[in-house]
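Fold and contact review
Here are the chains, one letter per residue:
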Amino acid sequence: MEIKIAVQSVHRELVVETDLTVEEIEAEVRNALAADRGVFSITDVKGTRVIVPVAALGFIEIGEGASRSVGFGGTL
């Protein structure tokens, strides 16, 4: 599952690929937002942990990782 995390005052989103389901990610987000001065943390498929204070979150976009096509886009 691919997650895009926007952080306030940062021009680029963080893109994280994780093995969690949509429901598990939503539960993590809800728990982080419910906690006083909470943080949203997620671990990617390589074991790297991303931690963002909820006060700095802009948005979180959850979606399937799109398979990227290889080639130059031309047709024969």
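In case you missed it, the structure is sitting above this.
Just so it is clear, the model here is predicted, and its values are computed rather than measured.

**What about the sheet that holds strand S1 (residues 2-7)?**
- The three strands are arranged S2-S1-S5 in an open sheet whose pairing can be described as antiparallel. One side of each edge strand has no neighbouring strand; the edge strands of this open sheet are strand S2 (14-17) and strand S5 (57-63). In this sheet, neighbouring strand axes are inclined to one another by 20° on average, regardless of whether the strands run parallel or antiparallel.
- Of the pairings in the sheet, the one linking S1 to S5 comprises six bridges and is antiparallel in character. When the bridges of S5 are listed, Glu 2 appears paired with Gly 63.

**Focus on the pairing of strand S3 (residues 39-43)**
- Note that S3 and strand S4 (residues 49-53) share five bridges and pair antiparallel. By the bridge assignment, Thr 43 is partnered in S4 with Arg 49.
- Counting the residues that bridge the hairpin from S3 to S4 gives five residues, and of these Gly 47 lies at a positive phi of roughly 95°.

**Side note on the pairing of S1**
- By the criterion of burial, S1 is predominantly enclosed, with five of the six residues buried.
- As paired elements, S1 and S2 share four bridges and run antiparallel to each other. In the strand pairing of S2, Ile 5 is matched with Leu 14.
- Where S1 folds back onto S2 in an antiparallel hairpin, the turn is made up of six residues, including Ser 9, whose phi is positive at roughly 70°.

**A short note on unusual backbone geometry**
- With a phi close to 70°, Ser 9 is a non-glycine residue in the positive phi region.
- Following the sequence through the fold, Ser 9 ends up in the loop between S1 and S2.
- You will see that Arg 37, though not glycine, has its phi angle at about 60°, which is positive.
- By the secondary structure assignment, Arg 37 is in the loop between helix H1 (22-34) and S3.
- Given a relative accessible area of 77%, Arg 37 falls into the exposed group.

Conventions and cut-offs
Every chain is numbered independently, its residues counted from 1 as its sequence is written. With pLDDT at 70 or above as the cut-off, local features in this predicted model cover only qualifying residues; side-chain atom pairs require 80 or more to be listed or tallied, and sums for whole chains, interfaces and linings still use all residues. Heavy atoms throughout the structure, all of them, feed into the side-chain values; hydrogens and water do not. The pairing criterion is simple: DSSP has to find at least two bridges between the two strands. The helix and strand labels rest on DSSP assignments: H or I over at least four residues marks a helix, E over at least two residues marks a strand, and numbering proceeds from the N terminus. Note on method: axes are straight lines fitted to C-alpha atoms, helices fitted across the in-contact stretch only, with angles between N-to-C directions ranging 0 to 180 degrees. Here's how the labels work: a residue is buried when its accessible area is under 20% of the maximum for its type, exposed when over 50%, partly exposed in between, all with a 1.4 Å probe on protein chains only.

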